[in-house]
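Structural overview
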Amino acid sequence: MVTKKIQFSGKSTSFYFDADFLLLDKLVSREQAIIITDEHVFEAHKKKLKGWNTIVLKPGEQFKVQQTVDVIIDQLLAMGADRQSVLIGVGGGVITDITGYVAGIYMRGIEFGFVPTSLLAMVDASIGGKNGIDVGVYKNMVGLIRQPSFLIYDYSFLKTLPIAEWQNGFAEIIKHACIKDASMFKELQLNSLSGYRKDKMAISKLVQKNALLKAGVVVKDEFEKADRKLLNFGHTLGHAIENMYELSHGQAISIGMTYASIMSHQLKFFKGTDEVVALLDKYGLPTIVDFDTNKAFKVLLKDKKKENVSINYILLEKIGKGVIQPLLLVQLKDIFKKLQS
Ligand code: GLY
């Protein structure tokens, strides 16, 4: 096991890499702990979860909404949860988001930790403290930034992960490589999804590298005033089309990264668009697609990154170097129109 303690502004988070779920027993007592998970994880890992207080949710992004939060709060009250209780999100990004959010508001805030079970949650969703819910098609419109006490990385959860979920996780890994790490981009080009799936050592190294890359960005700019914005590469268009077309998060941001790369070529003379598209394609992700640019633009106008008449778009100067580019909304509308013609 590799332990890293990361100090965020308000608290520190312990990352336990290459750990076993059983570590949970050492971190929190069974009386205090309440696990929040979904039916898929619960069914696949019943043995691991036996003996813990558990709230089991329906799986899927469509349940990352206020109604589910209300149901959880009712259950917490029925279970007698108090300020000493610790919520533990065991699952993918939907579970970690909703657990962190409920922990932030129940009794004005209780402690929480995560056991990310999907690749996407391990490298991205469980890290950074942004925890929220969707409102209609608007992703993560309500939420807070509050860090978990611990994250347990037990790679045995990946054994039951469907291939589409591996692709989902690789979208965020490719994003990290594009904005911050040219050598990881090369490593991904040389390796493959099936290669990583078969090689426990390689995937555990890759997960740790990505989790620490993200944590490093967040530590420097927890409240997204500067560099943390880079993590939104592919997410502005991605979030707009994700719920519109019921895409997975990985698919949506892969399309978002493709169009952001094309825009980077137009606005920043970026030369790596073909390489980015080829890498996304290699990991089974969609790239150039037909989408309703007018509709997407309308959803995008509600994006949290929008500031009055402009929006901060993340572009690439080169592979491994993302930049923040403020764009006027009228300018962006024009670019979108041209993208599909
Ligand atoms: N929970 C994901 C993030 O903070 O970016």
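Scroll up a little and you will see the structure.
Residues numbered from 1 in each chain as written. Predicted model: local features only at pLDDT ≥ 70, side-chain atom pairs only at ≥ 80, totals over all residues. Heavy atoms only, no water.

**Some remarks on the sheet that holds strand β4 (residues 54–57)**
To keep it simple, the criterion reads: Pairing between two strands is assigned when DSSP locates at least 2 bridges connecting them. Segments assigned H or I by DSSP are reported as helices when at least four residues long, segments assigned E as strands when at least two residues long, and all are numbered from the N terminus. Axes here mean lines fitted to C-alpha atoms, for a helix over just the part in contact, with angles spanning 0 to 180 degrees between N-to-C directions. A contact between two residues is defined here by any heavy atoms of the two lying within 4.5 Å.
One open sheet accounts for seven strands, arranged β1-β2-β9-β6-β5-β3-β4; its pairing is mixed. Both outer strands of the open sheet, β1 (2–7) and β4, are each paired with one neighbouring strand and no more. Ignoring strand direction, the axes of neighbouring strands in this sheet form an average angle of 20 degrees. Along the sheet, helix α10 (residues 200–220) contacts β1 and β2 (12–17); its crossing angle with β1, the most-contacted strand, is approximately 15 degrees.

**Here we look at a nonpolar patch on the surface**
Put simply, the rule reads: Patch criteria: residues need more than 30% relative accessible area and no salt bridge. Like-charged residues are merged within 9 Å; nonpolar side chains of Val, Leu, Ile, Met, Phe, Trp and Tyr are merged within 5 Å. For the area figures, the Shrake-Rupley method with a 1.4 Å probe applies, and any residue is considered shielded solely by the protein chains shown. Throughout this description, the term salt bridge denotes a Lys or Arg side-chain nitrogen within 4 Å of a carboxyl oxygen of Asp or Glu. Exposure categories follow from relative accessible area, calculated using a 1.4 Å probe and restricted to protein chains: below 20% of the type maximum is buried, above 50% is exposed, and the middle band is partly exposed.
Side chains of V135, M141 and V142 sit close together on the surface and give an oily, nonpolar patch of about 190 Å² of accessible area. Here V135 lies in strand β7 (residues 130–135). The exposure class assigned to V135 is partly exposed, which follows from its relative accessible area of 39%.

**Some points on the site of the ligand**
The line we're drawing: Residues are labelled near a given molecule or strand when at least one of their non-hydrogen atoms is within 4 Å of it. Counting of polar contacts relies on pairs of N or O atoms within 3.5 Å, with two restrictions inside protein: one atom must be capable of donating a hydrogen and the other of accepting it, and residues adjacent in sequence are counted only when both atoms are side-chain atoms. Think of it as three bins: nonpolar holds Ala, Val, Leu, Ile, Met, Phe, Trp, Tyr, Cys and Pro, charged holds Asp, Glu, Lys and Arg, and polar takes everything else, Gly as well.
The environment of the ligand is made up of D124, A125, I127, G128, G129, K130, K214 and R228. Within the backbone of A125, one N or O atom sits 2.7 Å away from a nitrogen atom of the ligand. Within the side chain of K214, an N or O atom sits 2.5 Å from an oxygen atom of the ligand. Protein contacts shield 88% of the accessible area of the ligand, which totals 200 Å² for the unbound molecule. Tallied by class, residues from the shell around the ligand come to two nonpolar, two polar and four charged.

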